[in-house]
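Listed below are the residues making up each chain.
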Amino acid sequence: MAETCDYLPWGHLPTPPQRVHRLDNPEQLNTLSGSLLPFGLGRSYGDSCVNSEGLLVDTRSWDHYLGFQDGRLRCEAGVTLAQVVQTFVPKGWFLPVTPGTQSVTIGGAIANDVHGKNHHSAGTFGCHVREIGLWRSDRGEVVCSAEQEPELFAATIGGLGLTGLILWAEIQLKPIPGNQVTVQTHPFQDLDEFIALSARHQNTEYTVAWLDCFSAKDGRCRGLFYAGEHSAASKPLRQAWRPRMPFNLPSGVMNRATISAFNELYYRQGLRQPNKQQSLIPFFYPLDGIDQWHRLYGRKGFFQYQCVMPLEAKAGMQSILERIQSAGTGSFLGVLKVFADKPSPGLLSFPQPGICLALDLPNRGDSTLALMRELDAILRDHGGRLYPAKDARMDPNDFQRTYPALEPFRHQCDPRFSSDFWRRVDNGAHS
């Protein structure tokens, strides 16, 4: 039986109540009516995990390992990254690519083709997927890979759950010498310094930068650049206790004054620790430091603006940063990362060579939407694009223009699967 409950995207923007079916076995899918959309842990920020005109299929109970040999892990789609870390890091294996949170299912990591701190060296998650078991409404279970059903395989990686329901997948884990990471921290004062640091550390396995979003002014922006490598050292791997936000903070708490104060403290703390060794848990998963941290933004929720822009268009990125600063909005965790030329097998994969920015914007209604339209115009003028997994409002024409493989992707979509995002961007375009 389907039941009604509130399944929300991570941005906690106003969302219609979702009808949800908790999946026990794939045969049940044939008995369901209306459009379907897989749902894992709800870490998509916008409406790509919302299906207000149909039914969400909750896959979290599909969380079993199916096989492991020589680093090749086969598991059900509901297995989480946290499970993989806890099971296989003690055995000397780690995820080949990981985003900033462990609260993602394997199915979700594939459907959003997640990327991480090692994009310049390893590409996206989809680059390490070997096989996928996919349920299609017209064919039942189909096994696809780069050699078998390659068009369907390419569409499913980064396919936002629209090509069918991922039942299981086989991924290649990577060997690691220990569970610690050696981290260097370098301050920078503008994008030129950030780009130079990225180039200097192109052979370092992991690189990423924290950005002080309120420092962007007169061609400058400060931040901390992190370069990390796996260390042979090991300590007991424990999930640290983390505080939990039990309720939404009042609207307006996340403002220029509070975020500026936090950023100043964070920057100064980083300067005191230029070199350190830390557990891979806090290094890779800073977003897990506070449980339910999205509640910091209040009951109105927040948007995340995640974009990528060519390196030669860094002036456009500076314009975006300065426009956000002048609007008096932003977040305590702004992220910059240089993407390399590491093509993903996914047709709708987000990364392309250039500078990637990810920044949270508190939802202040029309003013926030107007600001993001201004940012879109800058992005459009400089050859950039937005990340569908983080989006809740991009213009359909921008989506269709910046994802050139959209037409072959459409041919691989399962007609039974849809989402609010897909109806918005695929049907809403105009000439």
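Shown above is the structure to which this text applies.
Treat the numbers as computed from the prediction; the structure is a model and nothing was measured.

Cut-off values and rules
Here, residues in each chain are numbered from 1, in the same order as that chain's written sequence. This being a predicted model, a pLDDT of at least 70 is required before a residue's local features are given, and a value of 80 or more before pairs of side-chain atoms are given or counted; all residues contribute to the totals for chains, interfaces and linings. Side-chain metrics in this entry use all non-hydrogen atoms of the structure; hydrogen atoms and water are not considered. Secondary structure follows DSSP: runs of H or I at least 4 residues long count as helices, runs of E at least 2 residues long count as strands, and numbering of each begins at the N terminus. Each radius of gyration is computed over the set of C-alpha atoms, and the globule rule expresses the reference value as 2.2 Å times the number of residues to the power 0.38. Note on exposure labels: buried denotes an accessible area under 20% of the residue type's maximum, exposed denotes more than 50%, and partly exposed covers the range between, all computed with a 1.4 Å probe on protein chains only. In this analysis, two residues are considered to be in contact whenever any of their non-hydrogen atoms come within 4.5 Å of each other. Here the open area of atoms and residues is found with the Shrake-Rupley method and a 1.4 Å probe, where only the protein chains shown may cover a residue. Here, any two strands with at least 2 DSSP bridges between them count as paired. Between the N-to-C directions of two axes lies an angle of 0 to 180 degrees, each axis being a line fitted to C-alpha atoms and, for a helix, fitted only over the stretch in contact. One less than the residue count of a helix, multiplied by 1.5 Å, gives the span that helix is expected to have. Here the arc refers to the set of directions running from the helix axis out to each C-beta atom. Buried Ala, Val, Leu, Ile, Met, Phe, Trp, Tyr and Cys residues that are joined via side-chain atoms within 4.5 Å together make up what is termed a nonpolar core.

The next subject is the overall build of the protein chain. A tally of regular secondary structure across the protein chain gives twelve helices and 19 strands. For the protein chain, whose C-alpha radius of gyration is 21 Å, the value lies close to the compact-globule estimate of 22 Å for 431 residues. For the C-alpha atoms alone, the extent of the protein chain along its principal axes is close to 60 × 50 × 40 Å. A buried classification covers 59% of the 431 residues belonging to the protein chain. Within the protein chain, contacts between residues at least 6 apart in sequence are counted, and of these 75% link residues at least 24 apart. Carbon and sulfur atoms make up 52% of the accessible area of the protein chain, which amounts to about 17400 Å² in all.

Moving on, we get to the sheet that holds strand S14 (residues 223-231). Strand order in the open sheet formed by eight strands is S15-S12-S14-S13-S17-S18-S16-S19, with antiparallel pairing between adjacent strands. Looking at strand neighbours, the two that pair on one side only are strand S15 (275-279) and strand S19 (385-386), the edges of this open sheet. Pairing geometry for strand S17 (residues 334-339) and strand S18 (residues 354-362), over five bridges, is antiparallel. By the bridge assignment for S18, Lys337 is matched with Cys356. Where helix H8 (residues 314-326) meets the sheet, its contacts fall on strand S13 (206-211), strand S16 (302-309) and S18, and the angle it forms with S18 comes to roughly 10°.

Whenever strands of a sheet pair, they do so through backbone hydrogen bonds, lying parallel or antiparallel. Reading across the sheet, the five strands line up as S5-S6-S10-S8-S9 and stay open at both edges, with antiparallel pairing between neighbours. Edge positions in the sheet fall to strand S5 (65-69) and strand S9 (140-144), since each of these pairs with one other strand and no more. Put simply, the sheet's adjacent strands are angled 10° from each other on average, direction ignored. Alignment of strand S6 (residues 72-76) against strand S10 (residues 165-172), held across five bridges, turns out to be antiparallel. Following the sheet pairing, Glu76 is matched in S10 by Trp168. The sheet strands contacting helix H1 (residues 81-88) are S5 and S6, and the helix crosses S5 at an angle near 45°.

A word on helix H9 (residues 366-381). With 16 residues, H9 ought to run about 22 Å at 1.5 Å a step, and its terminal C-alpha atoms sit 23 Å apart, in line with that. Of all the positions in H9, only Thr368, Leu371, Met372, Leu375, Asp376, Ile378 and Leu379 are classed as buried. In a view along the axis of H9, the buried residues occupy a sector of 160°, so they form one face of it. Exposed residues lying more than 90 degrees from the buried face of H9 are Asp366, Arg373 and Asp381. In this structure, the buried residues of H9 make contact with S16, H8, S18, S19 and helix H10 (396-402). Positive phi appears at Gly383, one or two residues downstream of H9, with a value of about 75°.

Quick look at the side chain of Thr80 now. Turning to its location among the elements, Thr80 is positioned in the loop between S6 and H1. Excluding anything up to four places from it in sequence, Thr80 contacts Leu41, Gln102, Val104 and Thr105.

Here is a general trend for soluble globular proteins: nonpolar side chains tend to be buried in one another's company. Core analysis: the largest hydrophobic core is formed by 101 residues, its most contacted members being Ile106, Phe125 and Phe194. Setting aside anything within four residues of it in sequence, one finds Phe194 in contact with Phe188, Ala209, Phe225, Leu336, Lys337, Val338 and Ile355. Counting twelve residues, the second-largest nonpolar core is a separate cluster that includes Val57, Trp62, Leu165 and Trp168.

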